[in-house]
Amino acid sequence: HAKAAGRNGAALFETTMLAAAENTLMLERDLGNALDNDEFALHLQLQVSPDGQPIGAESLLRWRRADGVLVPPDVFIPIAEKTGLIVPLGTWVLRQACLSWLRLSRAGHALPLSVNVSPRQFQQADFVDVVRSILAETGVPATQLIFELTEGLLVENMDATVARMHVLAELGIRFSIDDFGTGYSSLAYLQKMPLYELKIDKGFMRDMPHDVNGTALVKSILAMAGQLGLRVVAEGIETREQAQFLASHGKPCMQGFLFCRPMPLGELISQLEAAA
Ligand code: C2E
Ligand code: MG
Ligand code: MG
Ligand code: MG
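Please read these numbers as outputs of a predicted model, since none were measured by experiment.

Some remarks on the overall build of the protein chain
Move 1: When its secondary structure is counted, the protein chain shows 12 helices and nine strands.
Move 2: For the protein chain, whose C-alpha radius of gyration is 20 Å, the value lies close to the compact-globule estimate of 19 Å for 276 residues.
Move 3: Projected onto its principal axes, the C-alpha positions of the protein chain cover 65 × 50 × 45 Å.
Move 4: Contacts in the protein chain between residues far apart in sequence, at least 24 positions, make up 66% of those at least 6 positions apart.
Move 5: Taken as a whole, the protein chain presents about 13,800 Å² of accessible surface, with 55% of it coming from carbon and sulfur.
Move 6: The protein chain carries 23 positive and 31 negative side-chain charges, and their two centres are separated by 2 Å.

Here's the deal with the state of the cysteines
Move 1: This model, assessed by the stated rule, comprises zero disulfides.
Move 2: With no disulfide partner, cysteine 253 has as its closest neighbouring cysteine sulfur the one in cysteine 260, 15 Å distant.

Structural notes on the coordination of the magnesium ion (ligand 2)
Move 1: Taken together, Glu58 (OE), Asn116 (OD1), Glu148 (OE) and Asp178 (OD) make up the full set of protein donors to the magnesium ion (ligand 2), lying 2.0 to 2.2 Å away.
Move 2: The sequence pattern formed by the donor residues of the magnesium ion (ligand 2) is E-x57-N-x31-E-x29-D.
Move 3: The metal-metal distance between the magnesium ion (ligand 2) and the magnesium ion (ligand 3) is 4.1 Å, with aspartate 178 coordinating both. Of this pair, glutamate 58 sits in strand 2 (residues 54-64) while glutamate 148 sits in strand 5 (residues 145-150); the two residues are 90 residues apart in sequence, bridging distant segments of the chain. Comparing glutamate 58 with glutamate 148 shows no difference in burial state: the two are buried.

Focus on the coordination of the magnesium ion (ligand 3)
Move 1: Protein coordination of the magnesium ion (ligand 3) is provided by Asp178 (OD), Asp179 (OD), Glu235 (OE) and Glu235 (OE), with donor distances spanning 2.1 to 2.6 Å.
Move 2: Written as a sequence motif, the donor residues of the magnesium ion (ligand 3) are D-D-x55-E.
Move 3: Accessibility expressed as a relative area gives 7% for aspartate 178, which makes it buried.

Notes on the pairing of strand 8 (residues 231-234)
Move 1: What you see with strand 8 is no split at all: Arg231 and Val233 on one side and Val232 and Ala234 on the other are buried throughout.
Move 2: Pairing of strand 8 with strand 9 (residues 253-254), which is carried by two bridges, proceeds in the parallel orientation. Bridge pairing in strand 9 places alanine 234 opposite methionine 254.
Move 3: In this view, the connection linking strand 8 to its parallel neighbour strand 9 by way of helix 11 (residues 240-247) has right-handed handedness.

A short note on the confidence of the model for the protein chain
Move 1: On average, residues of the protein chain carry a pLDDT of 90, and 94% of them reach 70 or more.
Move 2: Across the interface, the model reports ipTM at 0.98; the global pTM reads 0.92.

Some points on the site of ligand 1
Move 1: What surrounds ligand 1 is a group of 22 residues, the closest being Arg62, Asn116, Asp178, Glu238 and Phe257.
Move 2: The contact in question runs from an oxygen atom of ligand 1 to an N or O atom on the side chain of asparagine 116, over 2.9 Å.
Move 3: A total of 800 Å² of accessible area belongs to ligand 1 in isolation, and the protein chains cover 86% of it.
Move 4: Every element with two or more residues in the shell around ligand 1 is listed here: strand 2, helix 2 (73-83) and strand 6 (174-180).
Move 5: When its residues are assigned to classes, the shell around ligand 1 shows eight nonpolar, five polar and nine charged.

Thresholds applied
- Residues numbered from 1 in each chain as written.
- Chains lettered and ligands numbered in written order.
- Predicted model: local features only at pLDDT ≥ 70, side-chain atom pairs only at ≥ 80, totals over all residues.
- Heavy atoms only, no water.
- Helix = DSSP H or I, 4+ residues; strand = E, 2+ residues; numbered from the N terminus.
- Rg over C-alpha atoms; globule rule 2.2 N^0.38 Å.
- Contact = heavy atoms within 4.5 Å.
- Areas by Shrake-Rupley, 256 points an atom, 1.4 Å probe, with all protein chains shown as cover.
- Lys, Arg positive; Asp, Glu negative; His and termini not counted.
- Charge placed at Lys NZ, Arg CZ, Asp CG, Glu CD.
- Disulfide = S-S within 2.5 Å.
- Donors = N, O, S within 2.8 Å, 3.2 Å for Na, K, Ca; no water.
- Buried < 20%, exposed > 50% of the residue type's maximum accessible area, 1.4 Å probe, protein only.
- Pairing = 2+ DSSP bridges.
- Right-handed = clockwise from strand over helix to strand, strands pointing away.
- pLDDT = per-residue confidence, 0-100.
- Near = heavy atom within 4 Å.
- Polar contact = N/O pair within 3.5 Å; in protein donor to acceptor, adjacent residues only side chain to side chain.
- Nonpolar A, V, L, I, M, F, W, Y, C, P; charged D, E, K, R; others polar.

This is the structure:
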């Protein structure tokens, strides 16, 4: 019995692996054409101050395939990073974010926009030139952009990363560390970087305020950010309870479904008008 079960298990495993590999190949192929086919959209999610006022918005990429299927960024970003598509895609995102900022600004809501920048994109030799030329082309002030970087990038290539961050910071770009707390970055490293903000990963917020370890971690990130003079945005705020916990523990800024879902620019503008 055990032997038969083992064989079946192995066969099932192989089939699953094959399906996953085929799926990845299909996604890779479709992703290669998606930019030309205009299948991407940039959504925006509002971020709020401790007292609930809009302070900015994060741009989040959406891919709707020709067959109508919406593929989540957690699935396609790693593939784009692997194939290199992330480079032209990241450029598209940056330009699109700048165009969004112009429309927001014309509607009377000149909120700074946060843009996720992937490691491979950031490390391109011409990244700074690309940023400069998109800013020049669109006329968006660099001070209206916050680049969200991940800890992985900082650990991999510390000196080059820090040097490049300083060049961009000279232009006026601000920096945030995304998913903070999930990777490794020492205090010594953080102090060398021109940082503006830390974003507490939503994984830590999930069981808040009931999870004792998570609570301790969130408190220590808030204390550290206070020492370093950094703004904190807590991600993934879904409940009033989570927001109330944060209000009595360091009062970070917040982003989450409780306040606003990621949505197309037009919807965000309507929402801001309705609230005003
Ligand atoms: P991220 O940068 O950490 O973005 C936050 C994610 O949390 C987004 O997922 C957002 O929709 C989700 N989120 C916001 N509020 C809540 C909440 O209250 N509860 C829960 N459960 N989730 C919430 P999304 O849009 O699926 O993006 C996933 C990741 O894909 C992003 O994580 C980011 O790492 C990456 N990504 C998205 N857009 C881009 C992009 O333009 N460029 C790059 N390089 N990466 C991107
Ligand atoms: Mg982000
Ligand atoms: Mg994050
Ligand atoms: Mg993430």
